[in-house]
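# Coordinates in review
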Amino acid sequence: MTNANTSNARPFFYPNRTLERARRALICSSFNLHLFQAMIAQSVPVMAIAGNSGMEKGYSQRPLTELAVDNELFWLIQVGVLRREVDGQGITDSFRLTPLGRQIVERYAQHGKWDTPTWRDRLYNSLSRWLQLPF
């Protein structure tokens, strides 16, 4: 197991398999590292990511529909990288990083970009997403 270095007093421990699945989901996503760096500081709403707005802010390489953004973000929630933001009224349309997501994003922030996903990364990510498998 690997220790997550967070600002909290109590560290989180994740199995290497969990870390690898989360890393693979992030680098295979349609989103740039810049989006997740923004999520470290604040929650980001779907409409800031969708369409031309997301591309202009450096969140994605190309404009994405709201449905595409929602589907990608939902997958990252399932993997454990993101969570929906909650306010006094309930669940919102904004997202933040989980401690697992923060650990991976902070590691990549040192390099300034994602690794280029290999064909194997893309295959495993697609299979686990399609079949809902934990690998």
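Look up a bit, the structure's there.
We now turn to the structure provided with this report. All values reported here derive from a predicted model rather than from experimental measurement.

## Notes on the overall build of the chain
Per the secondary structure count, the chain includes seven helices and five strands. What you see in the chain, going N to C, is helices and strands ordered as β-β-α-α-β-α-α-α-β-β-α-α. In the chain, 59% of the contacts between residues at least 6 apart in sequence involve partners at least 24 apart. As presented, the chain carries roughly 7,700 Å² of accessible surface, and 53% of it is formed by carbon and sulfur atoms.

## Quick notes on the side chain of Ser29
Tracing the backbone through its elements, the reader meets Ser29 in the loop between helix 1 (16–28) and helix 2 (33–41). A relative accessible area of 12% means that Ser29 is categorised as buried. A polar contact is formed between the side chain of Ser29 and the backbone oxygen of Leu26, at a distance of 2.8 Å. Once residues within four sequence positions are removed from consideration, Ser29 is found in contact with Phe36 and Glu72.

## Some points on the packing of aromatic side chains
As enumerated under the stated definition, the model contains three aromatic pairs in all. The interplanar angle of 70° and the centroid separation of 5.2 Å between the aromatic rings of Tyr108 and Trp114 together place this pair among those described as edge-to-face. Following the ring pairs from residue to residue traces out a cluster consisting of Phe31, Phe36, Tyr108 and Trp114.

## What about the packing of helix 5 (residues 66–79) against helix 7 (residues 119–131)?
Closest axis-to-axis distance for the helix 5/helix 7 pair is 11 Å, and the angle between their directions is 90°. Accordingly, the angle class assigned to the pair helix 5 and helix 7 is roughly perpendicular. Between helix 5 and helix 7, the contacting residues are Asn71, Glu72 and Trp75 on the first element and Asn125, Ser128 and Arg129 on the second.

## Here we look at the packing of helix 1 against helix 6 (residues 99–109)
With their axes 10 Å apart at the nearest point, helix 1 and helix 6 run at an angle of 65° to one another. Like other packed secondary-structure pairs, helix 1 and helix 6 cross with a definite hand, here right-handed. Contacts from Thr18, Leu19, Ala22, Arg23, Leu26 and Ile27 in helix 1 reach Leu100, Gln103, Ile104, Val105 and Tyr108 in helix 6. When the residues that make up the contact of helix 1 with helix 6 are grouped by side-chain class, the tally is eight nonpolar, two polar and one charged.

About the criteria used
Residues numbered from 1 in each chain as written. Predicted model: local features only at pLDDT ≥ 70, side-chain atom pairs only at ≥ 80, totals over all residues. Heavy atoms only, no water. Helix = DSSP H or I, 4+ residues; strand = E, 2+ residues; numbered from the N terminus. Contact = heavy atoms within 4.5 Å. Areas by Shrake-Rupley, 256 points an atom, 1.4 Å probe, with all protein chains shown as cover. Buried < 20%, exposed > 50% of the residue type's maximum accessible area, 1.4 Å probe, protein only. Polar contact = N/O pair within 3.5 Å; in protein donor to acceptor, adjacent residues only side chain to side chain. Phe/Tyr/Trp six-rings, centres within 6.5 Å; stacked < 30°, edge-to-face > 60°. Axes fitted to C-alpha atoms, helices over the stretch in contact; angles between N-to-C directions. Parallel < 35°, antiparallel > 145°, perpendicular 65-115°, else oblique. Left-handed = near helix turned anticlockwise from the far one by under 90°. Nonpolar A, V, L, I, M, F, W, Y, C, P; charged D, E, K, R; others polar.

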